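Each chain is listed here by its residues.
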Amino acid sequence: MYAQMIESEVECEDPQKLKEFQNRIDAGDKIEPQDWMPNGYRKTLIRQIGQHAHSEIVGQLPEGNWITRAPTLERKAILLAKVQDEAGHGLYLYCAAETLGVSRDELTEMLLDERMKYSSIFNYPTLTWADMGAIGWLVDGAAIMNQVPLQRTSYGPYARAMIRICKEESFHQRQGFDIMIKMAKGSAEQKHMAQDALNRFWYPALMMFGPSDTDSVHSVQSMAWKIKMNTNDELRQKFVDQTAPQADLLGLTIPDANLEWDEHKGGYNFTEPDWSEFYAVINGNGPCNVERLAARKKAWEDGQWVRDGLLANAEKHAAKIPVAAE
Ligand code: FAQ
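Cut-offs applied
- Residues numbered from 1 in each chain as written.
- Predicted model: local features only at pLDDT ≥ 70, side-chain atom pairs only at ≥ 80, totals over all residues.
- Heavy atoms only, no water.
- Near = heavy atom within 4 Å.
- Polar contact = N/O pair within 3.5 Å; in protein donor to acceptor, adjacent residues only side chain to side chain.
- Areas by Shrake-Rupley, 256 points an atom, 1.4 Å probe, with all protein chains shown as cover.
- Helix = DSSP H or I, 4+ residues; strand = E, 2+ residues; numbered from the N terminus.
- Salt bridge = Lys/Arg side-chain N within 4 Å of Asp/Glu carboxyl O.
- Buried < 20%, exposed > 50% of the residue type's maximum accessible area, 1.4 Å probe, protein only.
- Contact = heavy atoms within 4.5 Å.
- Axes fitted to C-alpha atoms, helices over the stretch in contact; angles between N-to-C directions.
- Left-handed = near helix turned anticlockwise from the far one by under 90°.
- Nonpolar A, V, L, I, M, F, W, Y, C, P; charged D, E, K, R; others polar.

Trainee: Just to check I follow, could you spell out the site of the ligand for this structure?
Mentor: Around the ligand, the surrounding shell holds 34 residues, and the nearest of these are K117, S216, V217, H218 and K228. Between the ligand and R47 there is a distance of 3.1 Å, counted from an oxygen atom to a side-chain nitrogen or oxygen. A distance of 2.8 Å is found between an oxygen atom of the ligand and a side-chain nitrogen or oxygen belonging to N232. Alone, the ligand offers 1100 Å² of accessible surface; in the complex the protein occludes 92% of this. If you list the elements that add at least two residues to the shell around the ligand, you get α3 (39-58), α5 (73-98), α7 (130-150), α8 (156-184) and α12 (275-285). The element contributing the most residues to the shell around the ligand is α3, with 6 residues.

Trainee: What's the story with the pattern of salt bridges in this structure? I'm lost.
Mentor: Once their charged atoms are close, side chains differing in charge can pair, the charge on each being opposite to the other. Here the structure, examined in full by the defined rule, presents 14 salt bridges. Across the pair D178 and R75 runs a salt bridge, and its minimum N-O distance is 3.1 Å. With D178 in helix α8 and R75 in helix α5, this residue pair connects regions lying 103 residues apart in the sequence. On the basis of relative accessibility, which here comes to 13%, the residue R75 falls in the buried class.

Trainee: What's the story with the environment of A53 in this structure? I'm lost.
Mentor: Examined against the element boundaries, A53 turns out to sit in helix α3. Distance from A53 to G88, taken between C-alpha atoms, is 9.6 Å for residues 35 residues apart in sequence. Non-local contacts of A53, meaning those with residues more than four positions away in its chain, are made with G90, L93 and Y94.

Trainee: Any chance you could explain the packing of helix α6 (residues 104-112) against helix α13 (residues 289-302) here in plain terms?
Mentor: Between two packed helices, the angle of one axis relative to the other and the distance separating the axes together describe the packing. Between α6 and α13, the shortest axis-to-axis distance is 10 Å and the interhelical angle comes to 140 degrees. Like other packed secondary-structure pairs, α6 and α13 cross with a definite hand, here left-handed. Residues D105, T108, E109, L111 and L112 of α6 lie in contact with α13, whose contacting residues are L293, R296, K297 and W300. Across the contact of α6 with α13, the residue classes break down as 4 nonpolar, 1 polar and 4 charged.

Given below as structure tokens:
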């Protein structure tokens, strides 16, 4: 189905229909699954929503690593709830993508054979408990910065999924900051762990917003269609502006000697991430890419018997349904 869609992209689209569609977008209308939409709009949404869904699912792995080693029962319960929320986010997003005519199985297969991406951030390892704090504070913080505007995105099912996701991400960010407060205000060793986690997650968190605007391939068209509401650099700047004072409050130092408030621009100046590292990670060469994909492949293969059983059961029931009222 998805392959057919890609092929049909070469078909010329009616300029009048394209114009009417753009007028609807410009007027702030929501586009719904049954509405006419350009192939490119559909394809871009499938790519972005699919990548987003995969990120939520793969994103369970780095934190799942610490569930059995959480320092207290309360922290364990909170972390479990958070990781389960991420699974739920993945499911809402797969459902939103399915309304565009692609199945969840197709999306999963594209993730597993690397035709689709997931967020770069989840290719970094979680080495200490403080990383759970840094992920909540920085990774969920960056995710919210990106996702709050997406509640107003032009595609109805995506915008509505974002509303609930953002509420839950807000709890995730707070639980992460709470871990950071405890550690940063704790023993010298705990403070050292918190600083080390910040050092390792700062630039990967900045990379979550995507390449700089000059190198972003999709931003111009996606913004015209209101699939994206802000550019990558706009959101990155907002994130730095929000996070730098929080680091001060924690008594931690952001690992950037050039970070300073710029009165003139009303925001912080900061050092850009190392973009060669970003491209290495999104092209499969980050520290944990192989491990993350292997875990997803194993989960998919281990679940085959469940899918087979469900299908067989559905077929059995379908066979029992009387053909017509007699
Ligand atoms: N990682 O032209 P652009 C979360 C790719 S959810 C990997 O600027 P676009 C929750 C991009 O796909 C995190 N690839 O692309 C959580 C494109 O390649 P392609 C996920 C990236 O789409 C927290 C190429 O680079 N959130 O964290 C990345 O206009 C804690 C050119 O880039 C979303 O997905 C990247 N960081 O803008 C879960 C939000 N950045 O596809 C567990 C929705 C770029 O042509 C624990 N997505 N690329 O091969 C978006 O807003 C956008 O898709 C961007 C990228 C902003 C991510």
